[in-house]
Each structure stands twice: as structure tokens, then as C-alpha cells.
Amino acid sequence: MHDILNYSLADFFFNDNRNVLRPPTDFTNWIENPKVKHGYSFFEQQLLSAPRVATEILSNLDHKKRSIINLTSYNYLGLSTHPEVIAAAKEGLDKYGLGASGAPLLSGTFDLHVKFSRMLAEFKQKEDCLLYSSGFGGNVGAIQGLMRKGDVLILDEKCHKSLIDGGTLAQVKMLFFEHNNVASLEQMLEKNKDKRVLVVVEGVYSMDGDLVDLPNITRVCEAYDAPIYIDEAHSTLMFGKHGRGVAEHFNLEDKIGISFGTLSKSFGGVGGFVCSSADTIRYLKGYSSPWNFSCAPSPGVVAGLIKALEVATRDSSLRDRMWENVAYLKKGLISMNLDLGGSESQVIPIIIGPSGEKLMTLAEQMQKRGLFLQPVDFPAVPAHARRFRISVSSQLTRDEMDRTLNIIDDVVAKGLHT
Ligand code: PLP
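Residues numbered from 1 in each chain as written. Predicted model: local features only at pLDDT ≥ 70, side-chain atom pairs only at ≥ 80, totals over all residues. Heavy atoms only, no water.

Asker: Looking at this structure, I do not really get empty space enclosed by the protein. What am I missing?
Answerer: A water-sized probe, rolled over the atoms, reveals where empty space remains. Counting across every chain of the model gives five cavities of 30 Å³ or more. Taken as a whole, the largest cavity encloses approximately 60 Å³ of empty space. Looking at the largest cavity, the residues that line it are K124, K126, E232, R244, A247, E253, I256 and S259. Across the lining of the largest cavity, the residue classes break down as two nonpolar, one polar and five charged. For the second largest cavity, the calculated volume is near 50 Å³. The wall of the second largest cavity is formed by P51, R52, V53, N70, L71, S73, N75, S391, S393 and Q395. Among the residues making up the lining of the second largest cavity, the classes are represented as three nonpolar, six polar and one charged. (1 Å grid on protein atoms, 1.4 Å probe; cavity = no way out; pocket = protein on both sides within 12 Å on 5 of 7 lines; lining within 4 Å. Points joined across faces, edges and corners; volume = space filled by probe spheres on them. Nonpolar A, V, L, I, M, F, W, Y, C, P; charged D, E, K, R; others polar.)

Asker: How do you make sense of the packing of helix α14 (residues 317–335) against helix α16 (residues 398–417) when you look at a structure like this?
Answerer: The axes of two packed helices give the description: the angle between them and the distance between them. Packing of α14 against α16 brings their axes to within 10 Å, and their N-to-C directions diverge by 25 degrees. Considering their axes alone, α14 and α16 lie roughly parallel with respect to each other. The chirality of how α14 crosses α16 is right-handed. Contact residues: N325, Y328, L329, G332 and L333 in α14; R398, M401, D402, T404, L405 and I408 in α16. Of the residues in the contact of α14 with α16, the class split is six nonpolar, three polar and two charged. (Axes fitted to C-alpha atoms, helices over the stretch in contact; angles between N-to-C directions. Helix = DSSP H or I, 4+ residues; strand = E, 2+ residues; numbered from the N terminus. Parallel < 35°, antiparallel > 145°, perpendicular 65-115°, else oblique. Left-handed = near helix turned anticlockwise from the far one by under 90°. Contact = heavy atoms within 4.5 Å.)

Asker: Which parts of the structure should I look at to understand the packing of helix α6 (residues 135–146) against helix α7 (residues 161–170)?
Answerer: It is the contact of α6 with α7, at a shortest axis distance of 7 Å, that shows an interaxial angle of 35 degrees. Judged by the twist between their axes, the crossing of α6 over α7 is right-handed. Between α6, through F136, N139, V140, I143 and Q144, and α7, the contact on the second element is made entirely by K161, S162, L163, D165, G166, G167, L169 and A170. Per-class residue counts for the contact of α6 with α7 are six nonpolar, five polar and two charged.

Asker: Mind showing me how you'd approach the sheet that holds strand β4 (residues 128–132) here?
Answerer: Strand pairs in the sheet, formed through backbone hydrogen bonds, run parallel or antiparallel to each other. Spatially, seven strands are ordered β4-β10-β9-β8-β7-β5-β6 in an open sheet, and the strand pairing comes out mixed. Two strands close off the open sheet at either side, each with one partner strand: β4 and β6 (173–177). Within the sheet, the average angular offset between the axes of one strand and its neighbour, ignoring direction, is 20 degrees. By the bridge criterion, four bridges tie strand β7 (residues 197–202) to strand β8 (residues 228–231) in an arrangement that is parallel. When the bridges of β8 are listed, V201 appears paired with I230. Across the sheet, helix α9 (residues 214–223) lies against β6, β7 and β8, angled at about 155 degrees from β8, the strand it touches most. Sitting on the sheet, helix α11 (residues 278–287) touches β4, β9 (258–262) and β10 (272–276), and the angle it makes with β4 is about 30 degrees. (Pairing = 2+ DSSP bridges.)

Asker: What should I look at first to understand the site of the ligand in this one?
Answerer: Taken together, 14 residues are adjacent to the ligand, and F136, D231, T262, S264 and K265 come closest. Between the ligand and G135 there is a distance of 3.1 Å, counted from an oxygen atom to a backbone nitrogen or oxygen. A distance of 2.6 Å separates an oxygen atom of the ligand from a polar atom in the side chain of S264. Mapped by element, the contributors of at least two residues to the shell around the ligand are α6 and β9. Here the shell around the ligand takes three residues from α6, the largest share from any one element. The residue makeup of the shell around the ligand, split by class, is three nonpolar, eight polar and three charged. (Near = heavy atom within 4 Å. Polar contact = N/O pair within 3.5 Å; in protein donor to acceptor, adjacent residues only side chain to side chain.)

Asker: Sorry if this is basic, but what is going on with the pattern of salt bridges here?
Answerer: Side-chain pairs of opposite charge can arise whenever the charged atoms involved come near each other. Tallying each qualifying case throughout the model produces 19 salt bridges. For E253, the salt bridge is made with R244, and the minimal N-O distance between the two is 2.6 Å. Both residues of the pair, E253 and R244, count as buried. Here the salt bridges do not stand alone but share partners, grouping R369, D409, D410 and K414 into one network. (Salt bridge = Lys/Arg side-chain N within 4 Å of Asp/Glu carboxyl O. Buried < 20%, exposed > 50% of the residue type's maximum accessible area, 1.4 Å probe, protein only.)

Asker: What is the right way to read the packing of aromatic side chains from this model?
Answerer: For any pair of aromatic rings, the description consists of the separation of the ring centres together with the inter-plane angle of the planes. In this structure the tally under the stated criterion is 13 aromatic pairs. With a centroid separation of 5.0 Å and 85 degrees between ring planes, the pair formed by F13 and F14 is classed as edge-to-face. Given a relative accessible area of 68%, F13 falls into the exposed group. For F14, a relative accessible area of 71% translates into the label exposed. When the ring of Y96 is compared with that of F110, the centres are 5.6 Å apart and the planes differ by 65 degrees; the resulting orientation is edge-to-face. Separated by 14 residues along the polypeptide, Y96 in helix α3 (residues 83–96) and F110 in the loop between α4 (104–108) and α5 (111–123) bring together distant segments of the chain. Taking the ring centre of Y287 as reference, the NZ or CZ of R148 above it sits at 5.4 Å. Above the plane of the ring of Y328 lies R398, whose end atom (NZ or CZ) is 4.0 Å from the centre. (Phe/Tyr/Trp six-rings, centres within 6.5 Å; stacked < 30°, edge-to-face > 60°. Lys NZ or Arg CZ within 6 Å of the ring centre and 35° of its normal.)

Following this line, the structure appears as C-alpha cells:
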């Protein structure tokens, strides 16, 4: 291991230690190396208050409390701390207690779960909806519940790990088409036209912030009679006239077989949901293990989420503010000649390049100046395109955006261009 920084988690997946509880020796040497340790210190830093834009962390760099501008949380609309949402959640907690204390099928379904599922189904214009206690579990559970050995899951190569893990659990064959490349998708559909297939895409891709090419993907899928699963984790409440997501944005909601969303990002809570036809949801209830064999979402959280959906959809003010902030920040970043990839959303990458060391140095300098921007390293993103990722919030004030742009200009733009 001469150049320790050339290694990453991608190198230690396989372990030939006879004792499975003993990690590979190379892994231990690597992760205990001071330079690697320093890189890791940017992760799992403790937030000391709510995930607002102006918040406080206990910094792993020097173990000191630091007031920071937080551009890493997915609390895009500020709903996690919205006063009406918090009041509703408190009321829910008082009435229903802390947890559901049971799986949905047996004893964990409360009137709140039924109400919220109906609200979500109506919102997404589907017949029914299944609520999961995590977004990750929702993706795994929907795919594992519907697909069987011998089926083919065709995913965009940039799809989230939860979608891939669903395929692994279902023991299906998985094929990855080139990102947003319809010709690549079509080839796979043609080769597997005698098989049961499901095509999986995301509304907004979470590391790049670009949108799915839904018009062309739906056209090709329709030609092959292939159902589409869309993960709208980063696009629900963000896109479309009514905030229903990227499928609404493209006016293609009727072409979507299953619409997935998470409740942990723009909704500000935790959980996941899957909307589809009543038949599909009824079948899933029988076979989707993360729903069937796991405790239902906490009723207090669901009470808050019901209010969050009401607040976010009664008018477009929060969404409008967020888009104004996206435009303001993007304009500033573009003027610095930074590589923002193909971002078309509130997720804005700042692509730094191949040097992990540079990424960590810039992260440290930004944090010391009061800006909390998490580095995203290989293998989460390609090794040549390590990056920071900005999550824009409706809560950002003009002053916070100007301070953010100032820090990025001083640290990143000047750091990269000198
Ligand atoms: N799908 C996508 C595209 C995501 O980005 C995430 C989370 O980062 C998930 C699913 C899982 O959602 P959750 O974090 O709510 O479990």
C-alpha cells in the first residue's frame, strides 16, 4: 500500500479472513492511516440543533462547537421545523405515543397511517399507496415484493443503492443502461423482450441534480410494454405545477407504473411511500417484507407529515422561494466558472476533479470559515469527478447566500484556479 490515498472503500469489499467478524487487515491499516482518518473526520459530524440552514455542529476537525451555514441537509422546504408541522407532530405524540408498536398488518396501522396513505395516493394521482418506515426500505420492499428470479430489472446506471439492493434481494438479473441514454435502454429492452422487466429511473439524480429524460424513456418503454418505476426522492414537492414531481413536470404521470417518494427530504420527516394501482398495492402488501415484517412509521411523525403535505401543497410559496434561491446561487456559482455538472434542480454539485486530498483540504477550509458542505468522494461518485454537493433550501436568506458564495469563491474557486 504505497500510495494510501489511491485506495477507497471500493478496494476492501471482499474479505478473505476466515473469521467474518474480522475486517480485512489491509482495510484496518488503510482506515487507521492519519491521512485517511482525517478524510473520514468530515463524516458523521454531530448536528447540535435542527437541520436548519443556520445551525451548529460539533466539528470532528477540532472537537469544537461551530456555528455554520448548513447546505447539506435535504430539508429543502424547511418543513422539518415548520411551526405547524411541529405542533401537529406534538399533538400526534401526545395522542398516540412514541412508536406504532407493531407491523402494519397486525397491530401497527393507526387511523393516521390510513389517512396519510390516502392523501399521498390522491396527491400522486394513483389508486393506492403503501407507507414504509424508511425510504430505503420502500425501494427495497417494492422491488423485492414485485419481482422474481428470472425477471430483469433495468436501471439507469446512476440509480440509488436502495433500488439495486431491492434487485439483489429479489434475485433478479440486473442491467444498467447508460445514464439517461435511451438507445442503451432500448437495446436492453430488445434483448429481453420475452422476459418480465421493470425499468427504474429517478426524477432528479441525487449526485448530479439532473432530471430523467422521461419523454424519451416513456416512449421507448411504451413500445416494449415495459412498466416504469420512478424514484422521486429528490423531486416530490419540488417539481411540477402542484409539486407532484418530475412526472408531473413532464405531464407524463399516466405513463408511470409505480411512483416512489421518501418522507425524509422535502417532507422533513422520515419514511417512504410507494403509489400505484390498487391491485399492485394489494399484492405488495402480501410480499413486500420491509412493509410486512417491520414496525409501521411512528404515528407522531405521521401526524407531522400530514401537516407537512398540507403546508407544502396549499400554495406554491415554499417551492417558489426555493427556486428563487436556486437561481440566485447558481448565478453566483456560474460566474466563478465552477463545474456544476448538468444540474437542473436544487441539488447542485461542484465538481472538483480526481484529487481526494484537494477535496478534503477545501472541505476543511470551508468548514473553518463557517460553511458546512460535505465532500462526496469515490466510490459514491466517479473517481475523476469528486465533488461537493449543495442542497438548496427555501430557508436560505440573501445574506446567507452571499456569505456562502463568498466562501466558495475564496476557498474553492481560488483554490482550484491557482
Ligand atoms: N432514493 C434516493 C434517490 C435517495 O437519494 C435516497 C436517500 O438518500 C433514498 C431513496 C432513501 O431514502 P431515505 O434516506 O429516506 O431512506
